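Examination of the molecular architecture
Spelled out from the first residue to the last, the chains are:
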Amino acid sequence: MKKPLQRILLVEDDTDIQAVALLALEAVGGFTVGVCSSGPEALDKVGGFAPDLILLDVMMPGMDGLTTFQALRALPASADIPVVFMTARVQANELAHYKEIGARDVISKPFDPMTMPAALRAIWEQG
Amino acid sequence: MPKNPSEYTEGLGAIQEQYRQSLPERFQELSRVWRELDASKWDASAFHTFVRLTHRLAGSGGSYGFAPVSEAAHRLEVYARSVDGAHALSSAECAQIVKYLKQLGKVVNETQKR
């Protein structure tokens, strides 16, 4: 039986999204959450935090989500950790692309803080 | 059902109120960036900032319970991304952006009515 989803690393530069996502993941989902504001911070933190899943914003300044994803894949500590992208208004063709490059799934923004944790749990269970 | 219902309700209420109160300032910043874009001395970087600010509003509004803000900001973002921001926009393009900005301003004002 697969272990339950417990630890999530949130990688998001927008502090508004950070705040509502953290509330959703902790108070609604009961997860333990690590927060990073950038791709480089995520690469630095992922080994020590050891998440079960990484929730990764696509549009970030500097190192964007896709570049961060590739870098996470290249790190032994994070190569096999499932990544769920978070992006605004994802289209069907974008979803297919993200999955083709190895993402587990995509969450659209804006998200409903009440249902986002359950969506992540469902994605985790399907893996 | 949230794992910690009271924590969620109180927490969400608090950050929703902060976000609501911040909306006029966010809109004013967006409007200011737009106003400062000068056709005679076009700043593509400033237009990129304008697009980024609309993107942030579009992505966050709905998550805080202000779906009309997300919708209006998204319409503006989609249009702004459809034009060539590397060069000064045409009068028609500017007029369309102003139209979308006004729509966004209207929904922001609605959030302040209590």
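Some words on the overall build of chain B
Secondary structure assignment for chain B yields four helices and zero strands. Secondary structure elements in chain B, listed N-terminal to C-terminal, are α-α-α-α. With the principal axes as the frame, chain B shows a C-alpha extent of 55 × 25 × 20 Å. Buried positions account for 44% of the 114 residues belonging to chain B. When contacts within chain B are restricted to residue pairs at least 6 apart in sequence, those whose partners lie at least 24 apart make up 68%. Summing over all exposed atoms, chain B offers an accessible surface of approximately 6300 Å²; the carbon and sulfur share of this is 51%.

Some words on the interface of chain B and chain A
Contact residues are listed per partner, giving 23 residues for chain B and 21 residues for chain A. Between chain B and chain A, a total of about 1900 Å² is buried, with carbon and sulfur atoms accounting for 61% of that surface. The tally of links between chain B and chain A comes to three salt bridges. For the salt bridge of B:R56 with A:D14, the shortest nitrogen-to-oxygen distance reads 3.1 Å. Mapped by element, the contributors of at least two residues to the side of chain B that touches chain A are α1 (5-35), α2 (44-61) and α3 (67-82) of chain B. Here the side of chain B that touches chain A takes seven residues from α1(B), the largest share from any one element. Each residue belonging to the side of chain B that touches chain A can be placed in one class, and the counts come to eight nonpolar, nine polar and six charged.

Here's the deal with the packing of α3(B) against helix α4 (residues 91-111) of chain B
Residue and element names in this part refer to chain B. At a minimum axis separation of 9 Å, α3 and α4 run at an interaxial angle of 170°. Compared by their axis directions, α3 and α4 come out roughly antiparallel. Of α4, the residues touching α3 (which contributes P68, V69, A72, A73, R75, L76 and Y79) are A92, E93, Q96, I97, Y100, L101, Q103, L104, V107 and T111.

The rules we used
- Here the residue numbers are simple positions, counted from 1 along each chain's written sequence.
- Chain labels run from A onward and ligand labels from 1 onward, assigned in the order the entries are written.
- Under the rules for a predicted model, residues below a pLDDT of 70 receive no local features and side-chain atom pairs below 80 are neither given nor counted, while totals for whole chains, interfaces and linings still include all residues.
- Side-chain calculation: all heavy atoms of the structure are included, whereas hydrogens and water are not.
- Note on conventions: DSSP H or I runs of at least 4 residues are helices, E runs of at least 2 residues are strands, and numbering of each starts at the N terminus.
- For every residue, the accessible area (1.4 Å probe, protein chains only) is compared with the maximum for its type, and the residue is labelled buried under 20%, exposed over 50%, or partly exposed between those bounds.
- The contact criterion used throughout is that any non-hydrogen atoms of two residues lie within 4.5 Å.
- Each accessible area is a Shrake-Rupley estimate made with a 1.4 Å probe; only the visible protein chains count as cover when residues are assessed.
- A 1.4 Å probe defines the accessible area here, and the buried area is the portion of it lost by two parts on being joined, summed over both.
- Should a side-chain nitrogen of Lys or Arg be within 4 Å of a carboxyl oxygen of Asp or Glu, the pair is scored as a salt bridge.
- Polarity classes work like this: nonpolar for Ala, Val, Leu, Ile, Met, Phe, Trp, Tyr, Cys and Pro, charged for Asp, Glu, Lys and Arg, and polar for all others, with Gly in that last group.
- Angles here are taken between N-to-C directions and fall from 0 to 180 degrees, while the axes themselves are lines fitted to C-alpha atoms, restricted in helices to the stretch in contact.
- Working definition: roughly parallel below 35 degrees, roughly antiparallel above 145 degrees, roughly perpendicular at 65 to 115 degrees, and oblique for all remaining angles.

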